[in-house]
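Architecture at a glance
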Amino acid sequence: MRPDPSFSNVRVLVAGGSRGIGLAIARAFATAGASVSICARDVQVLAQAAAGLQACGAARVHQQACDLADADQIAHWVGAAAQALEGIDIVVNNASGFGNGNDDASWQAGFEVDLMAAGRTNRQALPHLRQSTQPAILNVSSINASVPTPRAAAYSTAKAALNYYTVSLATELARERIRVNAIAPGSIEFPGGLWDRRRSEAPALYAQIRERIPFGGFGNAEDVADAALFLCSSQARWITGQILAVDGGQSLPAGPA
């Protein structure tokens, strides 16, 4: 076994890093000694998350309220983060508009937050990444991008577009050795998250989905964070343009009944 990668002296931006998967990823980087900047809309939750990252041992912590559907706010956050951390090495795009309906608002949320926010954040960060010795971009997608599911057409379409964008950007930046990958979580349960709510709000659906996961239950945010750290580490230095499913086998073809 090779030792866990060290991220000391590495500067990481996590968009949508105040709770759930984003916070778990930010916490994993902080525990590994990185400097971390997080953004989200809820100022109070953001402040609590930042305090927790500092307690984890992060070299530096920067936080900024940001509506990731707003291009100007993204530019302001990335610029302020780069100044506070003295550069950027890694960008993690985790935010989602959770467009689970089929109305215009759901489709617009998916387009602006799941797709455009990643493109805008990466575009603002690229001048800094080009100055880094270990640049990496990680987009957080979903197995919904490749496994059709009811109730989530807008969300699934946005994530499928994010996957294609990931591969396209990886191709564009490969000669510059800026790695671009995506991680595709399956059904992940964390406090306050979708499946945590559905445990009480829709127990039949909760049990149905849980039983369909080959590993026998929902994943947790730390499962995703561990994979994210690997893809952003030097151990993955020869990996780019890939979409890694972290789903306990949920996206595998169905076996015998």
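One can find the structure itself at the top, above this paragraph.
Residues numbered from 1 in each chain as written. Predicted model: local features only at pLDDT ≥ 70, side-chain atom pairs only at ≥ 80, totals over all residues. Heavy atoms only, no water.

Our next topic: the nonpolar core. Ranked by size, the top nonpolar core spans 38 residues in total, and within it Phe29, Val36, Ile38, Ile90 and Val92 carry the most contacts. Breaking this core down by element, the ones donating at least two residues are strand 1 (11-15), helix 1 (20-31), strand 2 (35-40), helix 2 (43-56), strand 4 (90-93), strand 5 (136-140) and helix 8 (221-232). Within the second largest apolar cluster, 25 residues are counted, among which are Ala15, Leu85, Val113 and Ala170. (Core = buried A, V, L, I, M, F, W, Y, C linked by side-chain atoms within 4.5 Å. Buried < 20%, exposed > 50% of the residue type's maximum accessible area, 1.4 Å probe, protein only. Helix = DSSP H or I, 4+ residues; strand = E, 2+ residues; numbered from the N terminus.)

Our focus in this paragraph is unusual backbone geometry. Positive phi, close to 70°, is recorded for Asn9, a residue that is not glycine. Relative to the elements of secondary structure, Asn9 occurs in the segment before strand 1. Positive phi, normally seen in glycine, also occurs at Arg177, with a value near 60°.

With that settled, consider the packing of aromatic side chains. Applying the stated rule across the entire model yields three aromatic pairs. Aromatic side chains Phe7 and Phe29 sit 5.0 Å apart centroid to centroid with 80° between the ring planes, which places their arrangement in the edge-to-face category. Taken together, the positions of Phe7 in the segment before strand 1 and Phe29 in helix 1 put the pair 22 residues apart, joining distant regions of the chain. Residues Phe7 and Phe29 agree in their burial class; the two are buried. With 6.4 Å between their ring centres and 10° between their planes, Phe98 and Tyr155 make a pair best called stacked. With Phe98 in the loop between strand 4 and helix 4 (104-129) and Tyr155 in helix 5 (residues 153-173), this pair connects stretches of sequence that are 57 residues apart. Residue classification places Phe98 among the exposed positions, given a relative accessible area of 53%. The exposure class assigned to Tyr155 is buried, which follows from its relative accessible area of 13%. (Phe/Tyr/Trp six-rings, centres within 6.5 Å; stacked < 30°, edge-to-face > 60°.)

This structure, assessed with the given rule, holds seven salt bridges. Between Arg27 and Glu222 there is a salt bridge, with its nearest N and O atoms 3.7 Å apart. Separated by 195 residues along the polypeptide, Arg27 in helix 1 and Glu222 in helix 8 bring together distant segments of the chain. (Salt bridge = Lys/Arg side-chain N within 4 Å of Asp/Glu carboxyl O.)

Next up on the list: helix 7 (residues 203-212). Among the residues of helix 7, Leu205, Tyr206 and Ile209 are the ones counted as buried. Viewed end-on, helix 7 has its buried residues packed into an arc of 105°, placing them on one side of the element. Relative to its buried face, helix 7 has exposed residues pointing more than 90 degrees away, namely Ala204 and Glu211. (Arc of directions from axis to C-beta.)

Let us now look at the sheet that holds strand 7 (residues 243-246). What the seven strands build is an open sheet, ordered 3-2-1-4-5-6-7; its pairing is parallel. Single-partner strands in this sheet number two, and they are strand 3 (61-65) and strand 7. The average angle at which neighbouring strand axes cross in this sheet is 15°, direction not considered. Sheet strands touched by helix 1: strand 1, strand 2, strand 4, strand 5 and strand 6 (179-185). Its angle to strand 2, the strand with the most contacts, is close to 165°. (Pairing = 2+ DSSP bridges. Axes fitted to C-alpha atoms, helices over the stretch in contact; angles between N-to-C directions. Contact = heavy atoms within 4.5 Å.)

Quick look at the environment of Tyr155 now. Each C-alpha atom, one on Tyr155 and one on Phe230, is 26 Å from the other, the two residues being 75 residues apart in sequence. Ignoring any residue separated from it by four or fewer positions in sequence, one finds Tyr155 in contact with Ser96, Phe98, Gly99, Asn100, Asp114, Ser141, Ser142 and Asn144.

With respect to burial, strand 2 is a largely interior element, six of its six residues being buried. Examined bridge by bridge, strand 1 and strand 2 share five bridges and lie parallel to one another. What sits directly across from Leu13, in strand 2, is Ser37. Between the parallel pair strand 1 and strand 2, the chain is carried across by helix 1, and the sense of this crossover is right-handed. (Right-handed = clockwise from strand over helix to strand, strands pointing away.)

Viewed as axis vectors pointing N to C, helix 4 and helix 5 meet at an angle of 20°, and their least axial separation amounts to 7 Å. On the basis of the axis angle, helix 4 is roughly parallel to helix 5. Viewed along their axes, helix 4 and helix 5 form a crossing whose handedness is right-handed. Facing Ser106, Trp107, Gly110, Asp114, Leu115, Ala118, Gly119, Asn122 and Leu126 of helix 4, the residues of helix 5 in contact are Ala153, Ala154, Tyr155, Thr157, Ala158, Lys159, Ala161, Leu162, Tyr165, Leu169 and Leu173. Classifying every residue of the contact of helix 4 with helix 5 by side-chain character gives 13 nonpolar, five polar and two charged. (Parallel < 35°, antiparallel > 145°, perpendicular 65-115°, else oblique. Left-handed = near helix turned anticlockwise from the far one by under 90°. Nonpolar A, V, L, I, M, F, W, Y, C, P; charged D, E, K, R; others polar.)

Tracing the chain through its elements places Arg237 in the loop between helix 8 and strand 7. We classify Arg237 as exposed; its relative accessible area is 51%. Sequence separation between Arg237 and Ile178 is 59 residues; the distance between their C-alpha atoms is 9.6 Å. Engagement of the side chain of Arg237 in a polar contact is seen with the backbone oxygen of Ser234, the distance being 3.0 Å. (Polar contact = N/O pair within 3.5 Å; in protein donor to acceptor, adjacent residues only side chain to side chain.)

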